[in-house]
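Now for the letters of each chain:
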Amino acid sequence: MKIIDGKQLAQNLRGEIAAGVESLKSEKGVTPGLAVILVGDNPASVSYVTAKEKACREAGMLSREIRLPAETTEAELVALVKELNEDPAIHGILVQLPVPKHISDKAVIDAIAPEKDVDGFTPVNVGRMMIGERCFLPCTPHGIIKLIEFSGMDLKGKHAVVIGRSNIVGKPVAALLSRKETNATVTLCHTGTPDIAKFTREADVVVVAAGRPNTLTGDMLKPGAVVIDVGVNRIPDATKPKGFRLVGDADFESCSKVAGAITPVPGGVGPMTITMLLWNTLESARR
Ligand code: GUN
């Protein structure tokens, strides 16, 4: 059984990205700039955006960090995004989701110019991805494809089961896995699937993005399967300094006894999501 080291792969790719940033600076005088907007102080979101900003600076990019109070109105947020759309120093705009309930995430996403949408969340980029046009691929799904390749599995002709149908992970990862260049056969399971284990037992790869611990257990796997765990769940734990520990959506203990390879939480998908964000920001600055 192999642990798929997302930190290692992320580090390799971030070295390439940093080199790309240096060449762009010296050859064209352009420094890639990413605006990271966080509304409110959801602790998980604070930790995600802090990690994104740090990675951005470490790659030699400009990180514009914008923290707004939870009371910010939708109109104010949309106006800010539109201002950033026009700002030549900014090549990527990221609004950390979820936004507070009184703000429509659709209104905010729709305000982002598709050419600065480095999360790949706008309908234009989602549509381009679906029809195979050049676009920004969404970061977590793109990172997942890279992780599976890094595990040594050739996806052609393999059966991939995705658990979860979110717009951020489940739906796009199913689309990317079934693209001609990847050529996996995909089953998309969700809360309406009566017997998920029936499908996962046939799977060569399982991507679990359900947002619930223990969604996938070892008895649901075919021996040797590759498991990609997208879950990040905080479990209260008084023995930890922060009072919680992180677990994925897969039960690592039982899955690791049956799987051929598995991503850990933390240190699997998370570092790759951030890496693909840097990748898209560099790509945007090059265009
Ligand atoms: N919330 C959870 N994942 C993401 C992500 O990849 N991008 C943004 N903007 N918000 C998120």
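One can find the structure itself at the top, above this paragraph.
Residues numbered from 1 in each chain as written. Predicted model: local features only at pLDDT ≥ 70, side-chain atom pairs only at ≥ 80, totals over all residues. Heavy atoms only, no water.

Draft legend 1. How the structure looks around the packing of aromatic side chains. Inspection of the entire model under this criterion finds zero aromatic pairs. Note that R287 overlies the ring of F136, its terminal NZ or CZ placed 4.4 Å from the centroid. (Phe/Tyr/Trp six-rings, centres within 6.5 Å; stacked < 30°, edge-to-face > 60°. Lys NZ or Arg CZ within 6 Å of the ring centre and 35° of its normal.)

Draft legend 2. Structural detail: the site of the ligand. Close to the ligand lie K52, L94, V95, Q96, L97, D119 and F121, which account for all nearby residues. For the ligand, a nitrogen atom lies 2.7 Å from a polar atom in the side chain of D119. When the free accessible area of the ligand is taken as 280 Å², the share hidden by the protein chains comes to 84%. Grouping the constituent residues of the shell around the ligand by class yields four nonpolar, one polar and two charged. (Near = heavy atom within 4 Å. Polar contact = N/O pair within 3.5 Å; in protein donor to acceptor, adjacent residues only side chain to side chain. Areas by Shrake-Rupley, 256 points an atom, 1.4 Å probe, with all protein chains shown as cover. Nonpolar A, V, L, I, M, F, W, Y, C, P; charged D, E, K, R; others polar.)

Draft legend 3. Spatial organisation of the pattern of salt bridges. Taken as a whole and judged by the stated rule, the model has 13 salt bridges. Residue R134 is joined to E283 by a salt bridge in which the shortest nitrogen-to-oxygen separation is 3.7 Å. You can see R134 sitting in the loop between α5 (123-130) and α6 (139-150) and its partner E283 sitting in helix α10 (residues 269-286), a full 149 residues away along the chain. Under the relative-accessibility criterion, R134 is labelled exposed at 59%. Accessibility expressed as a relative area gives 22% for E283, which makes it partly exposed. Note that E181 and R179 form a salt bridge whose closest N and O atoms lie 3.4 Å from each other. Among the charged side chains, a salt-bridge network with shared partners connects R134, E283 and R287. (Salt bridge = Lys/Arg side-chain N within 4 Å of Asp/Glu carboxyl O. Helix = DSSP H or I, 4+ residues; strand = E, 2+ residues; numbered from the N terminus. Buried < 20%, exposed > 50% of the residue type's maximum accessible area, 1.4 Å probe, protein only.)

Draft legend 4. The pairing of strand β5 (residues 159-163), seen in detail. Across the five residues that make up β5, a large majority, five, are buried. Alternating residues of β5 divide into H159, V161 and I163 and A160 and V162, and every residue in both groups is buried. Looking at chain direction, β5 and strand β6 (residues 185-189) are connected through five bridges and run parallel. In the strand pairing of β6, V162 is matched with L188. With respect to chirality, the unit in which β5 leads through helix α7 (residues 170-177) into the neighbouring parallel β6 is right-handed. Bridge count between β5 and strand β7 (residues 205-208): four bridges; the pairing is parallel. Residue pairing for β7: V161 is matched across the bridge by V206. (Pairing = 2+ DSSP bridges. Right-handed = clockwise from strand over helix to strand, strands pointing away.)

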